[in-house]
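Summary of the model geometry
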Amino acid sequence: MQSLNPEVQVPISANCAHQSIPVLNIATVEVDRQLHICNACRYCEGFCAVFPAMTRRLEFNQADIHYLANLCHNCGACLHACQYAEPHEFAVNIPQAMAKVRRDTYAEYTWPPALGQLYRRNGLTLALATAAGLGFFLVLVLAIKGTLFPGPLAGNFYAIFPHDLLALMFGVVFAFVVLALGMAVWRFWREVSPPSEEPIQMGAAALEASEAVLRLKYLDGGHGEGCNEESDRFTLWRRYFHHCTFYGFLLCFAATSVATLYHFILKLEAPYPLTSLPVLLGTAGGLGLLVGPTGLLWLHWRRHPKHGDSDQRPMDYGFIALLLLVSLSGLALLAGRDTGSMALLLALHLGAVMAFFLTMPYSKFIHGFFRSAALLKFASERRQPDRVRMGGE
Amino acid sequence: MIDVLVIGGGNAALCAALMAREAGAQVVLLEAAPRCWRGGNSQHTRNLRCMHESPQDVLVDAYTEEEFWQDLLKVTGGVTDEGLARRVIRDSSHCRDWMRHHGVRFQPSLSGTLQLARTNAFFTGGGKALINAYYRSAEALGVQIRYNSPVTGIELKDNRFIAAHLAAREIDGVHWPAERIEARSCVLAAGGFESNRDWLREAWGQSENGDWAADNFLIRGTRFNTGVLLRALIDAGADTVGDPTQAHMVAIDARAPLYDGGICTRIDCVSLGVVVNREGRRFYDEGEDFWPKRYAIWGRLVAQQPGQVGYSIIDRKAVGRFMPPVFPGTSANSLSELAHRLGLPEAAFVETVEAYNQACRVGTFDHTALDDCRTEGLVPAKTHWARPIDTPPFYGYPLRPGVTFTYLGLRTDETAAVHFSGKPSPNLFVAGEMMAGNVLGKGYTAGVGMSIGTAFGRIAGSQAAAASGHQPTSMTVGQDHAIA
């Protein structure tokens, strides 16, 4: 195989079997180089799914690398345990090499494809979307009410924005988001998972993958003690804060869904009392979305500099900041819904939520979808016979 | 004054430091390497050979004391000390709970290492993860760890340890003056001398044609095992054991880095093809036994060839049947082209392979058994897995001897004490590669280095603590294992 990266001196493509399928860019070539070292070592097999998936291959084409990059949870365990990490001349750093490819996959499989560019300067993307969302709703309040402080309205949001207007705006955006995310995941899946000749028990695989997603199995280090943050010490905090964020998001989503049912089916109109189901779900979710992203931000701040790709900090921090803006403004709105600031708080919250929705297919949000797809591929692949057969002596 | 000074920073040193600290001693550990290279050869290890009477968490089936002993007897050809060997074997059956207590985690045998699932407990993440866990535990327990601290000499009085000397040195631009560190007792666990090129040269000598064989050796492990302390003790009259040319030596890819190539540079396709020397001639039965039982002799075999080089030759049939090598093989569509690309004498090489091909009596090829594919009338014979090398593309991998660790060490007994003219020192102990030669006079079997280092590290730590006035507690000498 020829190297496209002149700086890569140490083992490039290390197997004699076939010429590699051409790989496209430096980030992918680097993963290919490192995986050939890993495949000859294999000490990290117990940490996560990446290495067992790697050992099923002798060569790594672009689809393999895109799949493995999204299977990697960037837990850091393999870096701290690596006998070939810097200052070793092999300079193996799988979490970092995978992270670089991972962002490329977000850009590559995004739909519509032209919007993949939004991942190149993702911090800017999120900042502009947030500004636009906030600006839009503030102007909308002014346009409808003529002032940002129309006085206390007893928590009646619809006194500011008519229900149907909100339902229409968010409905349209949400439908687009579902379409864009679905298309992106489909494009990714089709690339990494070509149709198989062997029948696969997709049900069992889906069950296993769901468990890995919902429990964040691969943030447990393989031994249940967690992943690495600032050092070779293991901690479960990243897993816990992810759970807060993920389930917080789902609770907020559930709150909105329940409220929609209340409105259209039960004909119960907002504002709902503090002890009602939508408010309880939303409050719990909001707290989760406050604690989770704050914790993740704190961990990210302290993380070992060699974990992941520092170029992606604007994407990571931007996403966390937007999540925090959504939860903070939501909780502030709940606290101030009976005051004269309600209209302003509502505009801020809706602006943040709109920015969050609009950027769902073009932000770090997508990582959960691609990772889930990669986990499903891992679970189904595991159920197929291993094509690589070492002498089992 | 420090109670226990541990010199070294690998598995044995850490085991000693942890045991001594658990016994209540104040412990200082001196690691020659900077933090990023800490752990000596232990950072490249992956498992521990363990005796067990019944299935035990990651270990299947049973591996009895007697079977372990017989394996050791076989690989060493009897050059071992039965008492010490059995001590290591028994310790290996109950040390793992203590290891877990200090953060070491185990996993089932890695893919491609099924043959070790019964005998060897693999560390989750390998040896560097083990080392990290031990260092974390040692720090948490209050062991004082000093990196960049190579000991240059030992002060002894009437066979008693008095102090260790560190030369003045420069670390990250900061000047550190020479130091003299006193302690009540001391554990030596600073490794063999495999990274000392001059010593290897001296040990292996010069051939008739003027070659220094050792100049062509690669070192699979750390560059910090220069044997300074071993030499100092030998000069001070300590009793030694072993032959300086004996070592755990395997055939590795000739393109591996000079140091720290570790596991990934090994070439596992020897038994699937033939191996020729630089003259294009075969020199040993490639199919004598399963590769995991033979890999440890091939370093020495290659070391005995002209130029200390060999070439493992396979054809397409072998691809995918062995652990993928880290460097690409040289490939060609004909044998003469392969000879040309590898820089081998074409006629001799082609003749060797053709003679081999014609001698092959192919039965039922089975790489997982000692099959009936063998050669007839060929010298040296290939007794299993002999299939003609006739399916292009052909591949060649250059081999060099890769030294893992040397066996020349300090003679010791069940107390791990360093001996002077047959008498044990009251406060100087030894563990790890510096004494492994007591158990391993020659040969090797996977994971036994870590078994020796763990057993004797633990003994040396307890003994050193006791010599400094701290008796080990019952917890630290816990005898029986519980199954996790």
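Residues numbered from 1 in each chain as written. Chains lettered and ligands numbered in written order. Predicted model: local features only at pLDDT ≥ 70, side-chain atom pairs only at ≥ 80, totals over all residues. Heavy atoms only, no water.

We apply this condition: UniProt positions are given in the numbering used here, feature names are shortened, and annotations may be inferred rather than shown by experiment.
Named according to an unreviewed UniProt entry, chain B is Tricarballylate dehydrogenase originating from Azomonas agilis. On record in UniProt, under Cofactor (unreviewed entry), the comment for chain B is "FAD".

Chain A is annotated in an unreviewed UniProt entry as Citrate/tricarballylate utilization protein of Azomonas agilis.

Concerning the confidence of the model for chain A
Close inspection of predicted coordinates is inappropriate for parts of the model with low pLDDT. What counts here: Values of pLDDT, ranging from 0 to 100, describe the predictor's confidence in every residue of the model. The criterion used for residue contact is that any of the two residues' heavy atoms lie within 4.5 Å.
Mean pLDDT over chain A: 90, with 92% of residues reaching 70 or higher. Between residues 1-23 of chain A, whose pLDDT stays under 50, and residues either more than four places distant or in other chains, the model counts 56 contacts.

Brief notes about the packing of helix H3 (residues 62-71) of chain A against helix H5 (residues 94-109) of chain A
Geometry of a packed helix pair, given as the angle between the helix axes and the separation of the axes. Residues and elements named next belong to chain A. Selection criterion: Under this scheme, a helix contributes an axis fitted over its contacting stretch, all axes are lines through C-alpha atoms, and angles between N-to-C directions fall in the 0 to 180 degree range. Helical segments are the DSSP runs of H or I of at least four residues, strand segments are the runs of E of at least two, and each set is numbered from the N terminus. Small angles under 35 degrees read as roughly parallel and large ones over 145 as roughly antiparallel, with 65 to 115 read as roughly perpendicular and the rest as oblique. Residues were grouped as follows: Ala, Val, Leu, Ile, Met, Phe, Trp, Tyr, Cys and Pro as nonpolar; Asp, Glu, Lys and Arg as charged; and all remaining residues, including Gly, as polar.
Put simply, H3 and H5 touch, their axes get as near as 8 Å, and they point 110° apart. With respect to H5, the axis of H3 lies roughly perpendicular. The residues of H5 that touch H3, namely those facing Gln62, Ile65, His66, Leu68, Ala69 and Asn70, are Met98, Val101, Arg102, Thr105, Tyr106, Glu108 and Tyr109. Of the residues belonging to the contact of H3 with H5, the class tally is seven nonpolar, four polar and two charged.

Thoughts on the UniProt feature "transmembrane region" (unreviewed entry) in chain A
All names here are of chain A. As recorded in UniProt, the feature "transmembrane region" (unreviewed entry) lies at residues 124-145, 165-186, 246-265, 277-299, 319-336 and 342-362. Segment residues 124-145 splits into 100% helix and 0% strand. End C-alpha atoms: 31 Å apart. End-to-end, the C-alpha atoms of residues 319-336 are 25 Å apart, and along that stretch the chain is 100% helix and 0% strand.

A closer look at the UniProt feature "domain: FAD-dependent oxidoreductase 2 FAD-binding" (unreviewed entry) in chain B
If you check UniProt for "domain: FAD-dependent oxidoreductase 2 FAD-binding" (unreviewed entry), the listed places come out as residues 3-439 of chain B in our numbering. With 25% helix and 24% strand, residues 3-439 of chain B has its two end C-alpha atoms placed 29 Å apart.

Remarks on the pairing of strand E20 (residues 394-406) of chain B
Residues and elements named next belong to chain B. Short version of the rule: Here's how the labels work: a residue is buried when its accessible area is under 20% of the maximum for its type, exposed when over 50%, partly exposed in between, all with a 1.4 Å probe on protein chains only. Here, a strand pair is defined by DSSP locating no fewer than two bridges between the strands.
Burial of E20 is extensive: 12 of the 13 residues sit out of reach of the surface. Relative to E20, strand E14 (residues 247-253) runs antiparallel, the two being bridged by seven bridges. Paired with His248 across the two strands is Phe405, which belongs to E20. Pairing geometry for strand E16 (residues 310-314) and E20, over five bridges, is antiparallel. Residue pairing in the sheet places Ile313 in a bridge with Gly396 of E20. As defined by bridge partners, strand E17 (residues 330-332) adjoins E20 across three bridges and the pair is classed as antiparallel. When the bridges of E20 are listed, Ala332 appears paired with Phe394.

Quick notes on the nonpolar core
Quick reminder of the rule: Nonpolar cores are built from buried Ala, Val, Leu, Ile, Met, Phe, Trp, Tyr and Cys residues. Side-chain atoms within 4.5 Å join them into one set. Where each domain starts and ends comes from a domain assignment, either automatic or drawn from a database.
Among the nonpolar cores identified, the biggest contains 233 residues, and Leu71, Phe137 and Phe356 of chain A together with Met99, Leu188 and Phe456 of chain B are the most heavily contacted of them. For this core, the element with the highest residue contribution is helix H12 (residues 342-359) of chain A, accounting for 12 residues. Each of domain 1 (2-192 + 227-240 + 407-467) and domain 2 (249-402) of chain B gives at least three residues to this core. Val276, Phe349, Val350 and Ala386 of chain B belong to the second-largest nonpolar core, a separate cluster that totals 21 residues.

Quick look at the pattern of salt bridges
The following threshold applies: We define a salt bridge as a contact between a side-chain nitrogen of Lys or Arg and a carboxyl oxygen of Asp or Glu at a distance within 4 Å.
Taken as a whole, this structure holds 49 salt bridges over all chains when the rule is applied. Between Arg57 of chain A and Asp64 of chain A there is a salt bridge whose closest N-O contact spans 2.9 Å. Asp64 of chain A sits in the buried class, given a relative accessible area of 13%. Between Arg180 of chain B and Glu155 of chain B there is a salt bridge, and its shortest N-O distance comes to 2.8 Å. Of this pair, Arg180 of chain B sits in strand E11 (residues 179-188) while Glu155 of chain B sits in strand E7 (residues 151-157), and the two are 25 residues apart along the sequence. A residue is classified by how much of its surface remains accessible, and Arg180 of chain B, at 40% relative accessible area, is partly exposed.

Brief notes about a nonpolar patch on the surface
Residues and elements named next belong to chain A. Put simply, the rule is: Patch building starts from residues that exceed 30% relative accessible area and form no salt bridge, then joins like charges within 9 Å and nonpolar side chains (Val, Leu, Ile, Met, Phe, Trp, Tyr) within 5 Å. For the area figures, the Shrake-Rupley method with a 1.4 Å probe applies, and any residue is considered shielded solely by the protein chains shown.
Judged by side-chain polarity, Leu261, Phe264, Ile265, Leu266 and Leu268 come together as a nonpolar surface patch covering roughly 510 Å² of accessible area. Note on placement: Leu268 falls in the loop between helix H9 (237-264) and helix H10 (277-302). Residue Leu268 is classed as partly exposed on the basis of its relative accessible area, which comes to 41%.

Describing the packing of aromatic side chains
Put simply, the rule is: Each pair of aromatic rings taken from Phe, Tyr and Trp, with Trp reduced to its six-membered ring, is defined by centres within 6.5 Å and is described as stacked if the planes are under 30 degrees apart, edge-to-face if over 60, and tilted in the remaining cases. Two thresholds decide whether a charge sits over a ring: the Lys NZ or Arg CZ must be within 6 Å of the ring centre and within 35 degrees of the ring normal.
According to the stated counting rule, one finds 37 aromatic pairs over all chains in the structure shown. With a centroid separation of 5.4 Å and an interplanar angle of 55°, the aromatic rings of Phe405 of chain B and Tyr407 of chain B are classed as tilted. Judged by relative accessible area, which is 0%, Tyr407 of chain B ranks as buried. Each residue in the set Phe136, Phe137, Phe161, Phe170, Phe174, Phe249, Phe253, Phe319, Phe356, Phe357, Phe365 and Phe369 of chain A is aromatic and connected to the rest through ring pairs, giving one cluster. The residue whose ring lies beneath Arg223 of chain B is Trp37 of chain B, and the NZ or CZ to ring-centre distance is 4.6 Å. We note Arg458 of chain B situated over the ring of Trp98 of chain B; from NZ or CZ to the ring centre the distance is 4.9 Å.

Things to note about the pairing of E11 of chain B
Residue and element names in this part refer to chain B. Sheet topology places strand E1 (residues 2-7) next to E11; five bridges connect them, and they run parallel. Bridge pairing in E11 links Ile2 to Ala183. Pairing of strand E8 (residues 160-166) with E11, which is carried by four bridges, proceeds in the antiparallel orientation. Bridged to Ala164 within E11 is Ile181. Strand direction decides the pairing type here: E11 and strand E23 (residues 423-430), joined by three bridges, are parallel. For Val187, the partnering residue across the bridge sits in E23 and is Phe429.

Some thoughts on the interface of chain B and chain A
Here is the rule we go by: Accessible area, probed at 1.4 Å, shrinks when two parts are joined; the buried area is that loss added up over both. Any N or O atom pair separated by 3.5 Å or less is treated as a polar contact, with the protein-specific requirement of one donor-capable and one acceptor-capable atom, and with residues adjacent in sequence counted only for side-chain atom pairs.
Every contact between the two is made by 49 residues of chain B and, on the other side, 38 residues of chain A. Roughly 3600 Å² is buried in total at the junction of chain B and chain A, and carbon and sulfur atoms are behind 58% of that figure. Summed over the three residues of chain B that lose the most area to chain A, namely Arg136, Pro324 and Val326 of chain B, the buried surface amounts to 15% of that side. For the pair chain B and chain A, the number of links is four salt bridges. Asp232 of chain A is the partner of Arg136 of chain B in a salt bridge, and the nearest nitrogen-oxygen pair spans 2.5 Å. One can count 16 residue pairs in polar contact (both at pLDDT 80 or more) joining chain B with chain A. Looking at the side of chain B that touches chain A element by element, the count peaks at five residues for helix H5 (residues 127-141) of chain B. Residue composition of the side of chain B that touches chain A, by class: 22 nonpolar, 18 polar and nine charged.

Digging into the environment of Arg169 of chain B
Residues and elements named next belong to chain B. By the element assignment, Arg169 lies in strand E9 (residues 169-171). Through-space distance from the C-alpha of Arg169 to that of Asp285 is 50 Å; in sequence the pair is 116 residues apart. Discounting residues that sit within four places of it in the chain, Arg169 has contacts with Arg146, Asn148, Ser149, Pro150, Val174, His175, Trp176, Pro177 and Glu179. For Arg169, the side chain forms a polar contact with the main-chain oxygen of Ala167, separated by 3.3 Å.

A look at helix H1 (residues 11-22) of chain B
Residues and elements named next belong to chain B. Our working definition: By this rule the span expected of a helix is its residue count minus one, scaled by 1.5 Å.
For H1, which comprises 12 residues, the first-to-last C-alpha distance of 16 Å matches the rise-based estimate of 16 Å (1.5 Å per residue) to within 8%. The buried count for H1 comes to 11 of 12 residues, which makes it a mostly enclosed element. Taken as a whole, H1 has its buried residues at Asn11, Ala12, Ala13, Leu14, Cys15, Ala16, Ala17, Leu18, Met19, Ala20 and Glu22. Residue Gly24 follows H1 closely and has a positive phi angle near 100°.

Focus on the domain arrangement of chain B
Residues and elements named next belong to chain B. Its domain assignment divides chain B into domain 1 (2-192 + 227-240 + 407-467) and domain 2 (249-402). For domain 1 versus domain 2, the distance between C-alpha centres works out to 35 Å. A per-residue breakdown of the area domain 1 buries against domain 2 is headed by His44, Arg46 and Tyr444, which together make up 54% of the total. Here domain 1 and domain 2 share zero salt bridges between them. Between the two partners, domain 1 and domain 2, sit one residue pair in polar contact (both at pLDDT 80 or more).

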